[in-house]
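# Structural description and commentary
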Amino acid sequence: MAESPEEVAVLVQRVVKDIRNAFQRNPHIDEIGLIPCPEARYNRSPIVLVENKLGVESWCVKFLLPYVHNKLLLYRQRKQWLNKDELIDVTCTLLLLNPDFTTAWNVRKELILSGTLNPLKDLHLGKLALTKFPKSPETWIHRRWVLQQLIQENSLPSLVTKGNLGAAPVERIHRLVQEEMNVCSEAAGRYPSNYNAWSHRIWVLQHLGKLTIKVLLDELSSTKYWVSMHVSDHSGFHYRQFLLNSLVGRTVTDSNLLLQNWMVNVQNTRLLKEEESAGAAAACAEEQSVDLPRCLEEELELCTELIDTYPGHETLWCHRRCVFYLQHHLKNRIPLLSAVVSSVGSNDETLNNSHCSPAISHMAQAMDVDGLNESSSKQVYTQETKRLKRAPVQDSFGPEMEYRFINEVLSTCRDVDQARFATAYRKWLVTFLGQ
């Protein structure tokens with residue numbers, strides 16, 4: 001085994017070269033790891049490549065890590081010169097062993113800005129580092145920086161024509177988002193309550209997914225099985241709370257805009273051609289295709305099922321509070337729009353014969369979830385109010401249902417923690433509804 005500084009330098013240079021050659025032989029490496037090996041038993045390279053897995057024998061780390069670390073610091077202090085290829089190799093080796101070394105990521109940032117390093121290679125390096133260190137905050141931070149560069153500089157060589165990011169096909173951008181979702185899912189599965197991974201997933205949706213209704217619904221569907229298998233993971237359920245909250249904010253905001261545009265179109269209906277009205281209605285229907293009250297009901301049903309199946313998990317009860325709060329919040333906002341619809345409908349006869357948007361009809365159905373329009377039952381019925389009354393009444397998910405669920409849990413459960421969480425939830429309901 002190497003002892004002198006000269007022997008260590010020779011050993012490290014050989015290992016760094018072996019790592020570079022491994023990536024050249026197999027660019028599809030998808031996982032790294034340490035192979036327990038206290039000492040070198042054979043005169044062979046400590047780098048092992050099997051299929052798409054890269055292993056490093058543990059005995060060489062105590063020589064490899066300090067050497068590349070000191071070498072990079074000497075370069076930053078301008079005491080030793082390294083060319084671009086050496087910088088790439090040294091930082092790659094260092095970050096695979098210690099991805100939280102900020103200086104190495106900063107050097108690679110400089111290489112990307114100078115055009116020496118392909119930013120997509122850094123995404124791949126970060127993905128590999130996360131297989132061994134799934135919670136590494138510096139890796140997630142650098143990953144977001146690289147994605148920002150890809151967006152700002154229009155430098156998606158395999159996804160977008162350079163200099164024309166806006167012309168990128170939607171499905172190709174979707175594949176980039178999906179790749180990030182996969183990286184986050186793998187990291188979340190490797191480390192429980194991985195806040196950094198779920199926060200990165202939220203960031204990707206905000207900056208790449210643009211929080212469109214379709215993306216939010218797809219994410220809500222794709223993470224349902226994951227949280228069902230990780231019922232104590234607060235971060236995973238917090239992510240679903242973010243999705244639901246975004247859906248509520250996006251849908252209500254879009255409904256306000258839709259209602260304003262609809263009222264303007266009603267006032268100017270004689271000036272619009274039938275083709276334009278039909279096109280606007282189709283566009284609105286496509287945008288407002290989400291049944292938000294139903295989404296919240298399904299989430300509450302999921303909570304009920306998981307609480308019954310896995311008693312004694314506080315995460316599930318905390319998530320139930322958030323879902324009920326969103327339901328209550330939605331019920332208090334939607335009736336204001338319903339009153340405007342009824343008022344406009346009763347004062348303008350043209351609404352009876354106009355081509356109303358299916359989106360408005362869908363929005364109106366959501367308005368009557370709580371039966372809050374019963375006070376206007378004596379008003380003149382318009383086409384829209386008839387649709388409101390035909391909507392299924394869904395009062396079964398109100399406070400009474402919550403109290404009934406709590407009583408059932410308390411009367412049947414034998415788990416002490418389950419009873420404690422149910423009692424705390426009931427106290428929260430009393431306090432919240434009493435405000």
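Above this note sits the structure.
Residues numbered from 1 in each chain as written. Predicted model: local features only at pLDDT ≥ 70, side-chain atom pairs only at ≥ 80, totals over all residues. Heavy atoms only, no water.

## Re the packing of helix α3 (residues 84-97) against helix α5 (residues 119-132)
- Where α3 meets α5, the closest approach of the two axes is 8 Å, and the angle between their N-to-C directions is 30°. Considering their axes alone, α3 and α5 lie roughly parallel with respect to each other. Residues Cys92, Leu95 and Leu96 of α3 form the contact with α5, whose own contacting residues are Leu125, Leu128 and Ala129.
- The residue makeup of the contact of α3 with α5, split by class, is 6 nonpolar, no polar and no charged. (Axes fitted to C-alpha atoms, helices over the stretch in contact; angles between N-to-C directions. Helix = DSSP H or I, 4+ residues; strand = E, 2+ residues; numbered from the N terminus. Parallel < 35°, antiparallel > 145°, perpendicular 65-115°, else oblique. Contact = heavy atoms within 4.5 Å. Nonpolar A, V, L, I, M, F, W, Y, C, P; charged D, E, K, R; others polar.)

## Observations regarding the sheet that holds strand β1 (residues 31-35)
- Reading across from one edge, β1-β3-β2 is the order of the 3 strands in this open sheet, with mixed pairing throughout. Only two strands of the sheet have a single partner each, and these edge strands are β1 and β2 (47-50). Recorded for the sheet is a direction-independent mean angle of 25° between the axes of neighbouring strands.
- Here β1 runs beside strand β3 (residues 53-57); their pairing, made up of 5 bridges, is parallel. Opposite leucine 34, over in β3, you have valine 56 as the bridge partner.
- With respect to the sheet, helix α1 (residues 5-25) is in contact with β2 and β3, its orientation differing from that of β2 by roughly 15°. (Pairing = 2+ DSSP bridges.)

## Considering α3
- Taking 1.5 Å of rise per residue, the 14 residues of α3 would be expected to cover 20 Å, and the 20 Å separating its terminal C-alpha atoms lies within 8% of that figure.
- By the criterion of burial, α3 is predominantly enclosed, with 11 of the 14 residues buried.
- Of the positions making up α3, those classed as buried are Leu87, Ile88, Asp89, Val90, Thr91, Cys92, Thr93, Leu94, Leu95, Leu96 and Leu97.
- Elements that come into contact with the buried residues of α3 comprise α1, β1, α2 (61-76), α4 (102-113) and α5.
- Between a side-chain oxygen at the N-terminus of α3 and the backbone nitrogen of aspartate 85 the separation is 3.2 Å; the capping residue is asparagine 83. (Expected span 1.5 Å × (residues − 1). Buried < 20%, exposed > 50% of the residue type's maximum accessible area, 1.4 Å probe, protein only. Polar contact = N/O pair within 3.5 Å; in protein donor to acceptor, adjacent residues only side chain to side chain.)

## What to know about the packing of aromatic side chains
- For the structure on display, the rule yields 11 aromatic pairs.
- Between tryptophan 317 and phenylalanine 405, the aromatic rings sit 5.9 Å apart at their centres with planes inclined by 40°, giving tilted as the arrangement. Remark: phenylalanine 405 occurs in helix α18 (residues 399-412) and tryptophan 317 occurs in helix α14 (residues 314-347); sequence separation between them is 88 residues. Both residues of the pair, tryptophan 317 and phenylalanine 405, count as buried.
- Relative to tyrosine 425, the ring of tryptophan 317 has its centre 5.7 Å away and its plane inclined at 55°; by these criteria the two rings are tilted. On the criterion of sequence distance, the pair formed by tryptophan 317 in helix α14 and tyrosine 425 in helix α19 (residues 416-433) is long-range, its members being 108 residues apart.
- Among the aromatic residues, those joined into a cluster by ring pairs are Trp317, Phe324, Tyr325, Phe405, Tyr425, Trp428 and Phe432. (Phe/Tyr/Trp six-rings, centres within 6.5 Å; stacked < 30°, edge-to-face > 60°.)

## So, the side chain of arginine 143
- Residue position: arginine 143 is located in helix α6 (residues 137-152).
- Taking the relative accessible area as the measure of exposure, arginine 143 reaches 4% and is therefore buried.
- Engagement of the side chain of arginine 143 in a polar contact is seen with the side chain of glutamate 180, the distance being 2.9 Å.
- Those residues in contact with arginine 143 that lie beyond four places of it in its chain are Leu123, Gly126, Lys127, Glu180, Val183 and His200.

## What to know about the pairing of β2
- Where β2 and β3 come together, 4 bridges link them in antiparallel fashion. The residue bridging valine 48 from the neighbouring strand is glycine 55, located in β3.
- Hairpin remark: β2 followed by β3, antiparallel, with 2 residues in the connecting loop; positive phi at glutamate 51, about 55°.

## A look at the pattern of salt bridges
- Under the criterion given, the structure shown has 17 salt bridges.
- When the shortest N-O distance is used, the salt bridge between arginine 108 and aspartate 122 registers 2.5 Å. With a gap of 14 residues between them, arginine 108 in helix α4 and aspartate 122 in helix α5 connect regions that are remote in the sequence.
- Since its relative accessible area comes to 2%, aspartate 122 is described here as buried.
- Two residues, arginine 294 and glutamate 298, come together in a salt bridge whose shortest N-O distance is 3.4 Å. Pair noted here: arginine 294 and glutamate 298 are both in helix α13 (residues 292-309), with a separation of 4 residues, about one helical turn.
- Judged by relative accessible area, arginine 294 falls into the partly exposed class, the value being 32%.
- It is possible to trace a salt-bridge network through shared partners that takes in Asp30, Glu31, Lys53 and Arg190. (Salt bridge = Lys/Arg side-chain N within 4 Å of Asp/Glu carboxyl O.)

Remember, this is a structural readout, not a statement about activity or role.
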